[in-house]
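Architecture and fold: a report
Each chain, written out:
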Amino acid sequence: TQINLEEHFQNKIDSEIRIEPKDWMPDAYRKTLIRQISQHAHSEIVGMLPEANWITRAPTLNRKKILLAKVQDEAGHGLYLYCAAETLGVTRDETINDLHSGKAKYSSIFNYPTLTWADMGAIGWLVDGAAILNQVPLCRASYGPYARAMVRICKEESFHQRQGYELMMKLAQGSPEQKAMAQDAFNRWWWPTLMMFGPKDAESGNTELSMKWRIKRFTNDELRQRFVDVSIPQAEYLGLTIPDPDLKFNEETGHYEFGEIDWDEFWKVVKGNGACNKERVETRKKAFDDGAWVREAATAYHEKRKLREED
Ligand code: ACO
């Protein structure tokens, strides 16, 4: 019966036994996984755009190679994640259509513009740093295909984070103009990065069930706090000023206390009205349309091969 199935399912989750595509699962578990994994896939794919903007303007060949490799990695992450979503019964066309129609969400962070070269450093250090903190626990998510995809993604993200920090360090130790550029990028990316972790726990509608089902292992606020605690000493090491007048270290708790996030800005961006939302979706749609001939050629080749094999 349904009750027994649900009980058996939850027992497996509680015993850390992975749920696999053909196993029984509650509809709501399937639905929330499709939601989270597809949003995550879209974030990886849209996330290529702000950095791709600087590939042709990288200051050295070496920096260009690194940036190119990193942006390519993000494409790979998106593809693993679309595949993981497909194992739950949703097609690639459906998920991509939802992105193009504006129905699907993707991370707010990728709707901010990349104005200077220092933004490449700030994104790698902060945005990829936040992504790692959020995603390492997802390697233990209860759904097998998602958890397995996350293992390789996290390894690559840690390379991304280190290249970003190294870039920031070069600028922070450079000329006064370079240092000012690093500070300016830090000022612009700090608060949007804190928003990546999602709304406050009290406002996070999905957390409770996602924790019960062990998709999420930590709440939004827990991960945000951890991010602040690890990033402040890194900023200090770079000699940068933290753009938060309310920031202070609490000796008793051992944690940093930080100022209030601008939640109006967060929801504005999530709802599609950030600086670059429209441009990002339009760019993705154009890329999809421009790539139609590749998909058609691949399908035609597949058909030809099938015919040849039948001969
Ligand atoms: N940007 C856009 N939307 C967001 C963001 C954000 N930063 N944070 C939360 N939301 C959305 C949620 O998707 C949810 O919308 P929905 O119910 O319509 O799907 C709503 O705001 C409320 O949030 P929560 O209930 O807290 O949602 P959830 O439990 O899914 O937690 C989180 C959000 C932490 C982002 C979670 O989905 C997650 O860990 N996802 C996987 C990681 C990921 O997607 N990272 C993307 C950026 S990293 C990168 O790509 C490099």
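Above this text sits the structure in question.
In this report, we go over the structure that sits alongside the text. Treat the numbers as computed from the prediction; the structure is a model and nothing was measured. (Residues numbered from 1 in each chain as written. Predicted model: local features only at pLDDT ≥ 70, side-chain atom pairs only at ≥ 80, totals over all residues. Heavy atoms only, no water.)

Things to note about the overall build of the protein
Keep this limit in mind: In this text, helices come from DSSP runs of H or I with a minimum length of four residues, and strands from runs of E with a minimum of two, each type numbered from the N-terminal end. Computation of the radius of gyration draws on C-alpha atoms alone. For the globule rule, the value is 2.2 Å times the number of residues to the power 0.38. We call a residue buried when its accessible area falls under 20% of the maximum for its residue type, exposed when it is over 50%, and partly exposed in between, using a 1.4 Å probe and counting protein chains only. Contacts are assigned to residue pairs that have any heavy atoms within 4.5 Å of one another. Note that accessible areas follow from Shrake-Rupley with a 1.4 Å probe, and for residues the cover is restricted to the protein chains shown.
Along the backbone of the protein there are 13 helices and two strands. Taking 2.2 N^0.38 as the reference for a compact globule, 311 residues should give roughly 19 Å; the C-alpha atoms of the protein span a radius of gyration of 21 Å, in line with that estimate. For the protein, the C-alpha atoms occupy an extent of roughly 70 × 50 × 30 Å along the three principal directions. In the protein, which comprises 311 residues, the share counted as buried stands at 48%. Summarising the internal contacts of the protein: among those between residues at least 6 apart in sequence, 76% fall at separations of at least 24. Split by element, the accessible area of the protein, about 16,200 Å² in all, is 55% carbon and sulfur.

Quick notes on the site of the ligand
Convention followed: Note on terminology: near, applied to a residue and a molecule or strand, indicates that one of the residue's heavy atoms is within 4 Å of it. A pocket here means an open set of points on a 1 Å grid, computed over the protein atoms alone, that has protein on both sides within 12 Å along at least five of seven lines. A cavity is instead a set of points where a 1.4 Å probe fits but cannot get out; residues with an atom within 4 Å of a point line either one. To be counted as sitting in a cavity or pocket, a molecule needs more than half of its atoms within 2 Å of that site's grid points. Think of it as three bins: nonpolar holds Ala, Val, Leu, Ile, Met, Phe, Trp, Tyr, Cys and Pro, charged holds Asp, Glu, Lys and Arg, and polar takes everything else, Gly as well.
Taken together, 30 residues sit near the ligand, with Gln39, Lys105, Ser108, Ser204 and Lys216 positioned nearest. In this structure, the ligand is accommodated by the largest pocket. Elements with a minimum of two residues in the shell around the ligand: α2 (27–46), α6 (118–135), α7 (144–172) and α11 (263–270). Per-element tally for the shell around the ligand: the top contributor is α2, with six residues. Partitioned by chemical class, the residues of the shell around the ligand number eleven nonpolar, 14 polar and five charged.

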